[in-house]
Amino acid sequence: MQQEQSDRVLTALQEFFTTPLATKLSKHQQVSPQAAALELFRDVAATVPAYKTFLTARGIEPTAIQTVADFQQLPLLTKDNYLRCHSLPNFCRHGQLERCDMVAASSGSTGKPTYWLRYLTDELQIATRFEQIFHDSFSADTRPTLAVVCFTLGTWVGGMFTTDCCRHLASKGYPITVVTPGNNKTEICRVVQELGSLFEQVVLLGYPPFLKDVIDTGRANGIEWQRYQIKLVLAGEVFSEEWRSLVGERVGANNPYYDSASLYGTADAGVLGNETPLSICIRRFLAENPEVARSLFGESRLPTLVQYDPLSRFFEVQDGTLLFSGDNGIPLVRYHIADTGGIIAYDAMLEVLRSHGFDPIATLQQQGTRGIHALPFVYVFGRANFILSYFGANIYPENVIVGLEQPQIREWVTGKFVMEVKEDADRNRFFSIVVELAPGVEGNEAKRNAIATSIHAQLLRLNSEFANYVPPEYQIPHVSLAPTGDPEYFPVGVKHRYTR
């Protein structure tokens with residue numbers, strides 16, 4: 001028995017159960033996030049063997065890090081320079097793997113899983129992100145709610161983590177009942193039809209394109225979604241406000257500020273931030289005003305826009321990509337997550353919007369006061385290193401390259417391609433790959449099908465997230481063939497990008 005572990009859990013549970021949500025979300029106004037990040041650094045440097053080794057190898061004496069400016073000079077952690085360099089126990093405090101109680105997996109570019117450790121206390125701080133959504137967006141503190149977990153179950157990080165966080169809310173006193181069909185469409189539809197009418201609302205939690213597929217499949221089979229007061233918790237991908245409106249219409253939801261919310265999460269550290277009614281209100285305004293979006297984000301395309309608690313996850317920006325520090329089973333200090341994006345202070349965001357004649361607070365207060373918290377914003381365009389997210393699975397160029405390197409196929413192509421996730425007229429996502437043909441080679445349907453089949457086979461072989469997350473009917477890529485030097489996709493003399 002480890003008494004220290006028990007004491008840590010009891011303290012965390014007491015805080016989680018007794019601290020009102022509003023108090024938690026305003027604590028950063030009394031406690032300096034920068035000071036908290038420094039304290040996390042000191043603790044990790046003193047107790048985590050891998051981080052001690054990391055600092056020693058770089059000639060860094062932890063006691064020399066005294067100020068925020070010192071902290072900002074610390075070298076960044078990455079998978080390559082840190083997480084792939086040590087055994088799993090050495091990432092835990094005191095090198096004790098048993099200080100964590102659960103393991104989850106995510107896929108890397110080789111398809112070999114990366115394992116992430118966590119403990120109950122880590123889940124409780126992430127459960128607060130779910131509490132924001134269930135309380136502020138769905139009023140689930142007063143409405144009996146069925147939470148249907150539609151993320152993949154098993155070792156994958158999304159399903160079990162989400163289930164645990166929802167159950168923690170139920171333990172806190174929220175009238176929430178959890179059911180876990182996972183990514184089984186038939187079972188999802190069945191449990192909603194058989195159980196949904198017993199509750200005032202039903203929350204579907206899953207990846208955006210998968211939930212849309214569930215909704216469309218249900219409609220085709222006669223499910224009247226509007227009977228169940230459907231709400232959505234989304235994660236894993238950027239989606240448009242048009243997509244949000246369309247899906248809302250199909251389930252009979254008519255209040256986009258309060259009927260759905262997206263999580264910004266990673267396998268590395270759980271949920272980093274979440275959409276709020278306020279952030280959605282702002283994003284919908286920006287969708288209609290791309291010039292304002294450009295002034296905020298540097299470009300007119302819409303990123304995911306969420307709010308975050310800087311005491312839970314301390315964000316920084318370097319060279320247009322996000323860094324964060326946070327405590328977990330594997331605590332991370334200045335971790336380079338490889339997501340392009342930025343941070344905007346709460347007051348700065350409101351000032352920019354008001355300078356363009358928009359007051360999101362006043363707009364939201366027409367419907368109530370829930371979902372308005374003075375938390376900073378983080379915006380995320382996606383991975384900087386050419387990764388696509390599709391049904392929550394990370395797809396890497398390396399996986400596609402192997403498909404193009406198979407015998408016969410490699411004689412037809414140059415090896416260059418552009419992959420992107422597109423939407424059809426009905427706003428269903430599909431995986432598109434434009435492949436550059438070798439000089440003198442002409443494309444035809446047989447070649448196109450052979451290339452698609454080869455890429456699909458290698459994705460299934462190499463990428464376990466793709467195999468487990470993406471429904472089979474959405475796995476075959478839509479391959480197009482372009483001639484060598486095609487000016488739209490493969491212009492000569494321009495550094496090639498494999499994603500759009």
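Relevant structure appears above.
Structural notes, computed from the coordinates. The written sequence of each chain sets the order in which its residues are numbered from 1. pLDDT decides what is reported in this predicted model: residues at 70 or higher carry local features, side-chain atom pairs at 80 or more are listed and counted, and totals for whole chains, interfaces and linings draw on all residues regardless. By convention in this description, side-chain values take in all heavy atoms of the structure and omit both hydrogens and water.

**Remarks on the overall build of the chain**
Stated precisely, the cut-off is as follows: In this text, helices come from DSSP runs of H or I with a minimum length of four residues, and strands from runs of E with a minimum of two, each type numbered from the N-terminal end. As defined in this context, the radius of gyration uses C-alpha atoms, and a globule is described by 2.2 Å times the residue total to the power 0.38. Here a residue-residue contact requires only that any non-hydrogen atoms of the pair lie within 4.5 Å. Surface exposure here means Shrake-Rupley accessible area, sampled with a 1.4 Å probe, where a residue is shielded only by the protein chains that are shown. For the purpose of charge, His is not counted, nor are the chain termini; Lys and Arg are scored as positive and Asp and Glu as negative. Charge positions are represented by NZ for Lys, CZ for Arg, CG for Asp and CD for Glu.
Per the secondary structure count, the chain includes 20 helices and 18 strands. Radius of gyration (C-alpha) of the chain: 23 Å, near the 23 Å computed for a compact globule of 500 residues. The C-alpha extent of the chain, read off along each of the three principal axes, is 70 × 60 × 55 Å. Restricting to contacts in the chain with at least 6 residues of sequence separation, those with at least 24 account for 73%. If you sum the accessible surface of the chain, you get close to 20,400 Å²; carbon and sulfur atoms cover 50% of it. Positive and negative side-chain charges in the chain, numbering 44 and 54 respectively, have mean positions lying 2 Å apart.

**Some points on the sheet that holds strand S17 (residues 429-437)**
For the record, the criterion: Two strands qualify as a pair provided that DSSP identifies no fewer than 2 bridges between them. For helices, the fitted line uses only the C-alpha atoms of the stretch in contact; every axis is such a line through C-alpha atoms, and the angle between N-to-C directions lies from 0 to 180 degrees.
Overall, mixed pairing links the 3 strands, which are arranged S16-S17-S18 in an open sheet. With partners counted over all chains shown, the strands left at the sheet margins are strand S16 (413-423) and strand S18 (478-482), one partner each. The sheet shows a mean angle of 25° between the axes of neighbouring strands, direction not considered. Pairing between S17 and S18: 5 bridges, direction parallel. Bridging across to S18, Val 434 finds its partner in Ser 480.

**Let's talk about the environment of Thr 340**
Note the threshold: Note on exposure labels: buried denotes an accessible area under 20% of the residue type's maximum, exposed denotes more than 50%, and partly exposed covers the range between, all computed with a 1.4 Å probe on protein chains only.
Relative to the assigned elements, Thr 340 resides in strand S12 (residues 332-344). Under the relative-accessibility criterion, Thr 340 is labelled partly exposed at 23%. Sequence spacing of Thr 340 and Lys 231 is 109 residues, and the spatial spacing of their C-alpha atoms is 29 Å.

**Comments concerning the pattern of salt bridges**
Counted only if it meets this: Between Lys or Arg on one side and Asp or Glu on the other, a salt bridge is scored when a side-chain nitrogen of the former is within 4 Å of a carboxyl oxygen of the latter.
In the structure shown here, the tally under the stated rule is 30 salt bridges. Ionic pairing is found between Arg 84 and Asp 80, a salt bridge with its closest N-O pair at 2.4 Å. A salt bridge links Glu 488 to Arg 500; the nearest nitrogen and oxygen atoms lie 4.0 Å apart. With Glu 488 in the segment after S18 and Arg 500 in the segment after S18, this residue pair connects regions lying 12 residues apart in the sequence. Among the ionic contacts, a cluster of salt bridges with common partners joins Glu 241, Arg 244, Glu 275, Arg 283 and Arg 284.

**Considering the packing of aromatic side chains**
As a reminder, the rule being used: Side-chain rings of Phe, Tyr and Trp (the six-membered ring for Trp) are treated as a pair once their centres are within 6.5 Å; stacked means planes under 30 degrees apart, edge-to-face means over 60, and tilted covers the remaining angles. In our convention, an over-ring charge means Lys NZ or Arg CZ found within 6 Å of a ring centre and within 35 degrees of that ring's normal.
By the definition in use, this model includes 25 aromatic pairs. Centroid distance Phe 54 to Tyr 82: 5.7 Å. Interplanar angle 80°. Geometry classified as edge-to-face. Of this pair, Phe 54 sits in helix H4 (residues 49-57) while Tyr 82 sits in helix H6 (residues 79-83), and the two are 28 residues apart along the sequence. Centre to centre, the rings of Tyr 489 and Phe 490 are 6.3 Å apart; their planes meet at 45°, and the pair counts as tilted. By the burial criterion, Tyr 489 is buried, and Phe 490 matches it. Sitting over the ring of Phe 161, Arg 118 keeps its end group 4.1 Å from the ring centre. A cation over an aromatic ring shows up here: Lys 172 above the ring of Phe 16, its NZ or CZ 4.9 Å from the ring centre.

**Re the packing of helix H14 (residues 290-297) against helix H15 (residues 346-355)**
Cut-off, in case you're wondering: Each crossing gets its handedness from the near helix: less than a right angle anticlockwise from the far helix is left-handed, clockwise is right-handed. Residue type decides the class: Asp, Glu, Lys and Arg count as charged, Ala, Val, Leu, Ile, Met, Phe, Trp, Tyr, Cys and Pro as nonpolar, and the leftover types, Gly among them, as polar.
The geometry of H14 relative to H15 is characterised by a closest axis approach of 11 Å and an angle of 150° between their N-to-C directions. Both H14 and H15 take part in a crossing whose hand is right-handed. Here H14 contributes Val 292, Ser 295 and Leu 296 to the contact with H15, which in turn contributes Met 349, Val 352 and Leu 353. Counted by class, the contact of H14 with H15 contains 5 nonpolar, 1 polar and no charged residues.

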